[in-house]
Each structure stands twice: as structure tokens, then as C-alpha cells.
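Residue-level structural notes
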Amino acid sequence: MPPFDEYQQKIIKDPAKLSFEFVPQSLVHRDKEMQRLFSIFRQTVEGNMSQRAFLTGNVGTGKSVLSKRFCIDFKEWANEKNKGLEFVVVNCRARNTAASVLLKIIDHFDKGFPDRGFSTTEMLEILRKHIDKKNVNLIVVLDEINVLIKRSGTDLLYALSRFDEENMGGEHRLSLLLISQRPIYEFLDPATLSTFKRTNTIQFENYDKQQLWDILRDRVELALYPGTIEDETVELIADISSEWGDARFGIELLENSGMMASEENSEMIAPDHIRSAKAMTHSVITESIMTPLSDHKLLALLGISMAIRSKAYITTSEAEKAYAIASEEFEQTPRAHTRFWEYLKELDGHGLLSLRISGKGHVGKTTLISLPDIPSTVLADKVRSLLKSRGLG
Ligand SMILES: Nc1ncnc2c1ncn2[C@@H]1O[C@H](COP(=O)(O)OP(=O)(O)O)[C@@H](O)[C@H]1O
Ligand SMILES: [Mg+2]
């Protein structure tokens, strides 16, 4: 028997909560966007008007998850008012032809619908019959719409946007929620763009560090066993992912570092697991940056990478002591305090460490040093071998 049953997962309690498909009950820091979307779409229920909205923003800003949360909650709201409302979410990266998008929409009403043999015009008519028969308003979410347009042009989008105009009774039935990273005018031709000019755009801004911290904190509670990560370590993830404002990257770091910690039989996710997870995702090339550095700058870096091992941050005075220890290891006399500061600033400039002024949780203001790009043990090994190759130690 393979020993699989002995491999324990002591960190991640519920992996599904870390998947990108998971839709949390509530989304932090997206109230404004949610409210805006509701005020656009409420007319579909209250006034029987079809609507269109367009969500745009960088990767990991919550566009996809917000569109799903909105549809689920909006359907419930409409049903409470005794209005039929259905929605279908199509990812156009997976379905990038008109036929495959329409198939997915029709499949929502008729699970057994054959996957070939009908033209798009016929499929649009079939869809219309389903909507009429069920007497519902339909919201079609086309996520990553730019991929569909690039691959198959704007015909389907145009047809869907005019869907209601062909209804004899003048009823409005089909609303569109379009999503893409880039603004709509960058990929629509002027003719189609003019049909979309009354589309409401909601811009999703990048998350800042604090917002990412809140998102990650919620996810930790949902997905991890209690007590398996410290706040300080979550802060490190927020710090790293705030470089791009990307919640997706933060959640990925959380998941990968959790798996690493578990494989090492650790009880907790340590800052170094985060650094390894990041190095795994973004392999960082340090050699070319480190080779030109002076011996003493390397010694400062070595000291810091040793001192920071089990921590997220160290203070500059801790770093200076560590620099003295590293100097001793290589039989060098450490340079004066002011020189050490210059080293820190230069290493910061190279992205080998990062300096920031402490916030809450520290008395007074001190400068904190973190090592966001590479596991401290890997870094220490690299610096040591470089110093040895120079004949030191
Ligand atoms: N405000 C938020 N609250 C909770 N989780 C969020 C929030 N924004 C994004 N996420 C999570 O971050 C990840 C990326 O979000 P996603 O909607 O896929 O981003 P986008 O579609 O803009 O690239 C998903 O796992 C999502 O659940
Ligand atoms: Mg998305």
C-alpha cells in the first residue's frame, strides 16, 4: 500500500475555499461597485427594461467573483418580488465562438440540447422561445469578452445587444454584463461601439495592501485550520501582492505556502514558506544583481537573510547586529553605522530587500526590513558561495 493515508494536511482545511471558482458570501471593499451594478440592473425587474453593464480592471481585482455574487443575490431579490430572473455566466476564454457561447446559454434551459446542427440564427430563436416560455428576464455574463471578439468578431455581441428589439410585444428580456481587463473601446470597432455607447462602465481599481489584508484574512478563516498562520505572515502576503493590487496572486501565495508548510510537516505557515511560494511563482534572478556588489554589501545582505529567517520583518538595529555577525564569520571588520545605512538603501534600490517605515504595532517609528523576493535560506546560500568564490572566509 502506498503511504498516502499517512500524508497529512494539517494546514489547509478546505481547499475549495481557495479555488478561483469559489464565491464568498460577501465581498469586502467592493460595496460601491456592487451598489452601482444593482442600480443599473434593478430596471430589468422593476421596469422590464433590458440593461447593459461593462466591468473593467486589472487581473485579480474581483470582476469575475463580483459578477457571480451579484447574479446570485440579484436573482434572489427578483424572485422575492415574484419576478422570474435567470442568469448564465460564460467564460469566453473557454468558449470563444458564437456557437459555443450560445450552446452554453441554451444548455441552461435545456440540458439535452445537441451540440451541433444549428446555425447561430436558429439558436438565437431557440433561446427566445425558452425565455418566453419560462417568462423570465435573462442576464448573460460574458467574462473575458475581448477573447471572444478577437477570435470570432462582434457578430454575436451585436445580435445579443439587439435581441429585444425583435420582440413584437416590445418586452425586454435579455441583459448583458460584459467583463474585460481592457476598456471596451480598445477592442470594439466604431460601428459596434456606437451600439454600446449607452453601456454603463464600472472601473475596478487595484486593491491596496490594507484591502488585500482584509480579503486574505477572510480567506484564512474560511480555508485554514485555526492558528496555522500569524497575522504578520498574512501581512507579508498582502505586502507582496499589493505590488500588483492582485487578490488572485495573494490567494495563490496562501495556497502554495500552505501546501509547502504541510509537506514539511510544519504546524504553521512561516514567512519563509511565503517567500518560497513567491520564488516558485516568480523565479527571481538575483545572481546578476548580486555579482557586482561589494563584499560589505554582500555581508549586510547575508546577515539580514540569516536574521530574518523565521520572521516577516526585522528592524534596522537587528539587521546591523546581524551584519556584524556575518562580518565575523568572514573575518571582516564591520563598517560604521552610516555606511551600513547606505548599504541598506542600495540593496533596497536593487530590490534585494525592501525598507519601510513601521506602522501600527510598533512603538515610535522604526524602519523595517523585509525580504519579499526570495526565501532567506536560498538567499543566504547564494551570498555565501559568492563571498567564498572571492576568497573570503
Ligand atoms: N473583494 C473581494 N473579497 C473576497 N475575495 C475577493 C475579492 N476580490 C477578489 N477576490 C478573490 O480574488 C480572486 C481573484 O478575483 P477575480 O474575481 O477572479 O478577479 P478578476 O476577475 O478581476 O481577475 C478570486 O479568488 C476572488 O474570490
Ligand atoms: Mg476574471
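Basis of the calculations
- Residues numbered from 1 in each chain as written.
- Chains lettered and ligands numbered in written order.
- Predicted model: local features only at pLDDT ≥ 70, side-chain atom pairs only at ≥ 80, totals over all residues.
- Heavy atoms only, no water.
- Helix = DSSP H or I, 4+ residues; strand = E, 2+ residues; numbered from the N terminus.
- Rg over C-alpha atoms; globule rule 2.2 N^0.38 Å.
- Buried < 20%, exposed > 50% of the residue type's maximum accessible area, 1.4 Å probe, protein only.
- Contact = heavy atoms within 4.5 Å.
- Areas by Shrake-Rupley, 256 points an atom, 1.4 Å probe, with all protein chains shown as cover.
- Lys, Arg positive; Asp, Glu negative; His and termini not counted.
- Charge placed at Lys NZ, Arg CZ, Asp CG, Glu CD.
- Pairing = 2+ DSSP bridges.
- Axes fitted to C-alpha atoms, helices over the stretch in contact; angles between N-to-C directions.
- Expected span 1.5 Å × (residues − 1).
- Salt bridge = Lys/Arg side-chain N within 4 Å of Asp/Glu carboxyl O.

1. Examining the overall build of the protein chain
Secondary structure summary: the protein chain contains 16 helices and eight strands in total. Compactness check: the protein chain gives a C-alpha radius of gyration of 27 Å against a globular reference of 21 Å for 393 residues, more than 25% above the reference. Dimensions along the principal axes, computed over C-alpha positions, put the protein chain at roughly 90 × 55 × 45 Å. Expressed as a percentage of the 393 residues in the protein chain, the buried residues total 46%. Taking as baseline every contact in the protein chain between residues at least 6 positions apart, the subset at least 24 positions apart corresponds to 73%. Carbon and sulfur atoms provide 51% of the accessible area of the protein chain, an area that totals close to 19700 Å². In the protein chain, the 50 positive side-chain charges and the 56 negative ones have mean positions that sit 4 Å from each other.

2. With respect to the sheet that holds strand E3 (residues 137-143)
Picture the strands of a sheet paired through backbone hydrogen bonds; they go either parallel or antiparallel. The strand order across the open sheet built from five strands is E2-E3-E4-E1-E5, with neighbouring strands paired in parallel fashion. Each edge of the open sheet is held by one strand with a lone partner, namely strand E2 (85-91) and strand E5 (200-204). Direction aside, neighbouring strands of the sheet carry axes that sit 15 degrees apart on average. For strand E1 (residues 52-57) and E5, the ladder comprises five bridges, and the chain directions are parallel. Residue pairing across strands places Phe54 opposite Thr201, the latter belonging to E5. In the packing of helix H1 (residues 31-46) onto the sheet, the strands contacted are E1, E2, E3, strand E4 (174-180) and E5, and the crossing angle to E5 comes to about 160 degrees.

3. Side note on helix H2 (residues 63-80)
The terminal C-alpha atoms of H2 lie 26 Å apart, and with 18 residues this matches the ideal 26 Å at 1.5 Å per residue to within 8%. Taken residue by residue, H2 has Lys63, Leu66, Ser67, Arg69, Phe70, Cys71, Phe74 and Ala78 as its buried positions. Turning to H2, the residues buried within the fold contact H1, E1, E2, E3, E4 and E5. Where H2 ends, the next residue or the one after it, Asn82, has phi of about 60 degrees, a positive value.

4. A few points about the pattern of salt bridges
Enumeration over the complete set of coordinates arrives at 21 salt bridges. One salt bridge connects Glu235 with Lys209, and the closest N-O pair in it is separated by 3.3 Å. Note that Glu235 is positioned in helix H9 (residues 231-241) and Lys209 in helix H8 (residues 209-223), a separation of 26 residues in sequence. The salt bridge involving Arg356 is made with Glu235; its shortest N-O contact spans 3.3 Å. A residue pair is termed long-range when its members are at least 10 positions apart, and Arg356 in strand E7 (residues 354-357) and Glu235 in helix H9 qualify at 121 residues.

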